[in-house]
Amino acid sequence: MSSTTSADIGAAAPGGTGLPPAPPSSPALRRFSINPRQSGIYVAFVLIVVLFSVLTDGALLTPQNISNIIVQNSYILVLAIGMILIIIAGHIDLSAGSVVAVTGALSAVLMVNLEVPWPLAVLITLVAGALVGAWQGFWVAYFGIPAFIVTLAGMLLFRALTLTVLGNQGIGPFPDPIRTLSNGFTEGYLGNIGLGPLGGADLLSLLVGLAVVAGYAIAQWRQRAGRLGYGQIVDPMPIFVLKIVAAAVIVMAVVVQLARFRNLPWVLVLLAVLVLGYTLLTTRSVFGRHIYAIGGNLSAATLSGVKVKSVTFWIFVNMGVLAALAGVIFAGRLNQAGPTAGTNFELDAIAAAFIGGAAVQGGVGKVVGAITGGLIMAVINNGMSLIGAPSERVMLVKGLVLLAAVAYDIWTKRRAASAAR
């Protein structure tokens with residue numbers, strides 16, 4: 001079997017063309033244009049935020065409400081990070097919600113009933129999540145059972161284990177550090193700074209926001225310079241700067257609102273670390289390129305030397321770990337582990353991935369896109385709650401949004417295929 005080459009994997013890597021990089025040549029600039037498949041989700045997110053801001057008379061964007069949106073949906077966003085890797089590889093995981101429940105129950109038994117120190121209890125819970133993922137990954141990767149069947153069985157199995165452990169009652173309360181991770185906020189170590197009409201805001205939170213913006217700008221600049229070095233097409237400098245400024249304004253607007261309320265939620269800090277880490281994993285590592293290769297063209301990936309079974313196994317292990325982390329966060333937020341925890345969480349995570357741009361066939365998707373998709377669902381939930389919409393109407397809108405996102409993905413593919421003929 002031949003060894004993997006950059007050209008083999010390039011076809012399935014994000015933004016890949018399947019061809020080796022072009023030799024250095026004169027920089028190629030493109031006219032201003034919007035890629036509907038890559039940018040449509042972000043445009044849709046902005047429009048949805050604007051719509052609900054108008055419908056709620058600005059209540060959606062108040063400091064407390066923005067903080068609530070992040071804290072109340074953090075566990076779904078954690079699951080979405082793991083789910084996007086599963087979907088990119090061409091699989092699905094229907095057991096994530098049940099794994100959240102059983103690992104949350106395990107953490108409660110360890111911390112509350114057995115009084116195990118919380119750091120050790122969390123570590124044991126994450127290892128248990130990894131074992132759950134390994135169990136499912138074995139059947140999918142090495143035994144050849146479709147992931148849909150394996151995880152459907154897992155959904156029933158792990159829900160049954162949860163009910164066996166908890167019965168019909170919850171276990172709590174959790175230690176203070178776990179509740180702080182789920183519901184707490186960073187301390188104002190540097191004090192507040194005046195923002196004129198906006199009042200005071202936590203200085204440390206503002207500095208963190210500026211550091212994030214600076215890091216993003218530097219990363220984009222280096223990426224642009226690298227593309228220019230290979231003679232690839234890039235945006236004109238004014239458009240490039242405009243995109244950086246737009247992203248910076250959005251990030252700082254959110255950070256300022258959070259800094260005005262109770263500083264940065266700890267769970268947001270955790271999410272930021274996960275997003276950064278998994279973005280680097282999917283875009284800069286060989287393992288990440290192999291995930292895209294498997295989902296993009298399984299036969300080509302196999303012939304190129306990609307260890308398909310191993311990669312598939314480990315993305316399910318990863319999903320189990322992230323589900324366990326979400327289980328701890330969710331249990332800590334409620335301050336107890338309940339038998340109904342995690343119900344339909346897997347559906348929300350799957351919806352976040354597909355709304356965020358993942359392709360049904362696999363091979364396409366981004367971690368940031370999945371987070372954006374999750375935030376779209378969160379804004380819809382929160383906005384419709386603020387305007388007093390009944391639960392059935394919320395489900396109706398979420399279902400239509402999911403259907404529209406998948407239909408849009410298929411339409412853009414067909415349009416691109418027609419243009420290439």
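- An unreviewed UniProt entry annotates the protein as Xylose transport system permease protein XylH originating from Pseudonocardia alaniniphila.
- Among the UniProt annotations of the protein, the heading Subcellular location (unreviewed entry) holds the following wording: "Cell membrane".
- In its Function (unreviewed entry) section, UniProt records this for the protein: "Part of the binding-protein-dependent transport system for D-xylose. Probably responsible for the translocation of the substrate across the membrane."

## Examining the packing of aromatic side chains
Part 1: Counted according to the given criterion, the structure contains eleven aromatic pairs.
Part 2: Both rings, one in Trp139 and one in Phe143, keep their centres 5.0 Å apart while their planes meet at 75 degrees; by these two values the pair is edge-to-face.
Part 3: Under the relative-accessibility criterion, Phe143 is labelled exposed at 53%.
Part 4: Ring-pair connections join several aromatic residues into one group, and the members of that group are Trp135, Phe138, Trp139, Tyr142, Phe143, Phe313 and Trp314.
Part 5: We note Arg224 situated over the ring of Phe240; from NZ or CZ to the ring centre the distance is 5.3 Å.

## Observations regarding empty space enclosed by the protein
Part 1: Enumeration according to the criterion identifies two cavities of 30 Å³ or more in this entry.
Part 2: Considering only enclosed or pocket space, the largest cavity measures out at about 50 Å³ in volume.
Part 3: In terms of lining residues, the largest cavity is bounded by Val100, Ala101, Gly104, Ala105, Gly327, Phe330, Ala331, Gln336, Ala337, Gly338 and Ala341.
Part 4: Mapped by element, the contributors of at least two residues to the lining of the largest cavity are helix 5 (96-113) and helix 14 (308-334).
Part 5: Here the element with the most residues in the lining of the largest cavity is helix 5; it accounts for four residues.

## Here's the deal with the pattern of salt bridges
Part 1: In this structure the tally under the stated criterion is three salt bridges.
Part 2: In this structure, Lys243 and Asp235 form a salt bridge, with 2.8 Å as the shortest nitrogen-oxygen distance.
Part 3: Exposure remark for Lys243: the relative accessible area of 40% places this residue in the partly exposed category.
Part 4: Asp235 sits in the buried class, given a relative accessible area of 9%.

## With respect to the nonpolar core
Part 1: Of all hydrophobic cores here, the largest spans 61 residues; its most connected members are Val78, Leu79, Ile81, Ile84 and Ile87.
Part 2: For this core, the element with the highest residue contribution is helix 4 (residues 74-88), accounting for 13 residues.
Part 3: Setting aside residues up to four positions removed in sequence, Val78 forms contacts with Leu271, Leu274, Leu322, Leu325, Ala326 and Ile329.
Part 4: Counting residues in each nonpolar core, the second largest holds 17 residues, with Val49, Leu60, Ala351 and Met377 among its members.

## Details of helix 6 (residues 118-142)
Part 1: Between its first and last C-alpha atoms helix 6 spans 35 Å; for 25 residues at 1.5 Å apiece the expected length is 36 Å, and the two agree.
Part 2: Gly144, located one to two residues past helix 6, shows a positive phi value of around 85 degrees.

## Observations concerning unusual backbone geometry
Part 1: The omega torsion of the bond from Gly172 to Pro173 falls at 0 degrees, within 30 degrees of zero and hence cis.
Part 2: Unusually for a residue other than glycine, Asn263 sits at a positive phi of about 75 degrees.
Part 3: Checked against the element boundaries, Asn263 lands in the loop between helix 10 (237-261) and helix 11 (266-284).
Part 4: You can call Asn263 buried: its relative accessible area is 11%.

## Description of helix 7 (residues 147-166)
In an α-helix, one full turn covers 3.6 residues, which means residues spaced three or four apart are oriented alike.
Part 1: With 20 residues, helix 7 extends 28 Å from end C-alpha to end C-alpha; this agrees with the ideal 28 Å at 1.5 Å per step.
Part 2: Turning to helix 7, its buried residues are Ala147, Val150, Thr151, Gly154, Phe158, Arg159, Thr162 and Leu166. When helix 7 is viewed along its axis, its buried side chains cluster within an angular range of 160 degrees and face the same direction. Turned more than 90 degrees away from the buried face of helix 7 sit Leu156 and Thr164, all of them exposed.
Part 3: Buried residues in helix 7 make contact with helix 5, helix 6 and helix 14.

## Re the environment of Val360
Part 1: Considering the arrangement of structural elements, one finds Val360 in the loop between helix 15 (345-355) and helix 16 (367-386).
Part 2: For Val360 and Ile88, which are 272 residues apart along the polypeptide, the C-alpha to C-alpha distance reads 8.5 Å.
Part 3: Beyond its immediate stretch of four places on either side in the chain, Val360 contacts Phe354, Val406 and Asp409.

## Focus on the side chain of Thr372
Part 1: Mapping Thr372 onto the fold places it in helix 16.
Part 2: Judged by relative accessible area, Thr372 falls into the buried class, the value being 8%.
Part 3: Polar side-chain contacts of Thr372 include one of 2.8 Å to the backbone oxygen of Val368.
Part 4: With sequence-adjacent residues up to four places away left out, Thr372 is seen in contact with Ile41, Tyr42 and Phe45.

## Considering a nonpolar patch on the surface
Part 1: Taken together, the side chains of Tyr189, Leu190, Leu207, Leu210, Trp266, Val269 and Val273 present a nonpolar region at the surface, about 670 Å² in accessible area.
Part 2: Secondary structure elements with two or more residues in the nonpolar patch: helix 9 (203-229) and helix 11.
Part 3: For the nonpolar patch, the element with the highest residue contribution is helix 11, accounting for three residues.
Part 4: On the secondary structure map, Val273 appears in helix 11.
Part 5: For Val273, a relative accessible area of 54% puts it in the exposed group.

Conventions and cut-offs
Residues numbered from 1 in each chain as written. Predicted model: local features only at pLDDT ≥ 70, side-chain atom pairs only at ≥ 80, totals over all residues. Heavy atoms only, no water. UniProt positions renumbered as here; feature names shortened; annotations may be inferred. Phe/Tyr/Trp six-rings, centres within 6.5 Å; stacked < 30°, edge-to-face > 60°. Buried < 20%, exposed > 50% of the residue type's maximum accessible area, 1.4 Å probe, protein only. Lys NZ or Arg CZ within 6 Å of the ring centre and 35° of its normal. 1 Å grid on protein atoms, 1.4 Å probe; cavity = no way out; pocket = protein on both sides within 12 Å on 5 of 7 lines; lining within 4 Å. Points joined across faces, edges and corners; volume = space filled by probe spheres on them. Helix = DSSP H or I, 4+ residues; strand = E, 2+ residues; numbered from the N terminus. Salt bridge = Lys/Arg side-chain N within 4 Å of Asp/Glu carboxyl O. Core = buried A, V, L, I, M, F, W, Y, C linked by side-chain atoms within 4.5 Å. Contact = heavy atoms within 4.5 Å. Expected span 1.5 Å × (residues − 1). Arc of directions from axis to C-beta. Polar contact = N/O pair within 3.5 Å; in protein donor to acceptor, adjacent residues only side chain to side chain. Patch = residues over 30% accessible without salt bridge, like charges linked within 9 Å, V, L, I, M, F, W, Y side chains within 5 Å. Areas by Shrake-Rupley, 256 points an atom, 1.4 Å probe, with all protein chains shown as cover.

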